[in-house]
Amino acid sequence: MKLFSLSTVFRLAGLPKKKTLTYVGMLASVKPIFPWVAILAVDLVSGIELGISLGLAAGTLLYVGICDLLPESFTE
């Protein structure tokens, strides 16, 4: 569902179909790999560094979701 909504936002932004499919395909291929990368990162970083890293990642995700994608959902 998220990939569908992301592709809709890309198409509303005026990106060509080929670029939209490329970006969505790259995101879909990264998702199965990311858990392994996250497990390795947690093993390398511990303590307060891990908390700061997770906080920055969560804040970035919320910023993009609220400031960039949410207004696009309500445009005509």
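Predicted, not measured: the structure shown is a model, and the values here were computed from it.

Engineer: Break down the overall build of the chain for me, citing the residues and quoting the values.
Structural biologist: Tallying secondary structure elements over the chain gives 4 helices and 0 strands in all. Secondary structure of the chain in N-to-C order comes out as α-α-α-α. Looking at the chain as a whole, 7% of its 76 residues are labelled buried.

Engineer: So what's going on with a nonpolar patch on the surface? Which residues, and what values?
Structural biologist: A contiguous nonpolar surface patch, about 390 Å² in accessible area, is contributed by V30, I33, F34 and V37. One can find I33 in the loop between α2 (17-30) and α3 (34-44). Residue class for I33 comes out exposed when judged on its relative accessible area of 52%.

Engineer: Could you give me a rundown of the packing of aromatic side chains, with the residues and numbers involved?
Structural biologist: In the structure shown here, the tally under the stated rule is 1 aromatic pair. Ring plane angle 65° and centroid distance 5.7 Å describe the contact between F10 and Y23, whose orientation is recorded as edge-to-face. One end of the pair, F10, is in helix α1 (residues 2-12); the other, Y23, is in helix α2, with 13 residues separating them in the sequence.

Engineer: Explain the confidence of the model for the chain to me, and be specific about the residues and the numbers.
Structural biologist: Looking at the chain as a whole, the pLDDT averages 79, with 86% of positions reaching at least 70. Of all the helices and strands in the chain, α3 carries the lowest mean pLDDT, 76, while α2 carries the highest, 86.

Engineer: Help me get a handle on the side chain of S7, residues and values and all.
Structural biologist: Counting through the fold element by element, S7 comes out in helix α1. On the basis of relative accessible area, S7 is assigned to the buried category, the value being 17%. Once residues within four sequence positions are removed from consideration, S7 is found in contact with T20 and V24.

Engineer: Give a detailed account of the side chain of T20, specifying residues and quantitative values.
Structural biologist: Among the structural elements, T20 can be located in helix α2. Taking the relative accessible area as the measure of exposure, T20 reaches 4% and is therefore buried. Not counting residues up to four positions away in its chain, the partners in contact with T20 are S7, F10, R11 and L15.

Rules and cut-offs
- Residues numbered from 1 in each chain as written.
- Predicted model: local features only at pLDDT ≥ 70, side-chain atom pairs only at ≥ 80, totals over all residues.
- Heavy atoms only, no water.
- Helix = DSSP H or I, 4+ residues; strand = E, 2+ residues; numbered from the N terminus.
- Buried < 20%, exposed > 50% of the residue type's maximum accessible area, 1.4 Å probe, protein only.
- Patch = residues over 30% accessible without salt bridge, like charges linked within 9 Å, V, L, I, M, F, W, Y side chains within 5 Å.
- Areas by Shrake-Rupley, 256 points an atom, 1.4 Å probe, with all protein chains shown as cover.
- Salt bridge = Lys/Arg side-chain N within 4 Å of Asp/Glu carboxyl O.
- Phe/Tyr/Trp six-rings, centres within 6.5 Å; stacked < 30°, edge-to-face > 60°.
- pLDDT = per-residue confidence, 0-100.
- Contact = heavy atoms within 4.5 Å.

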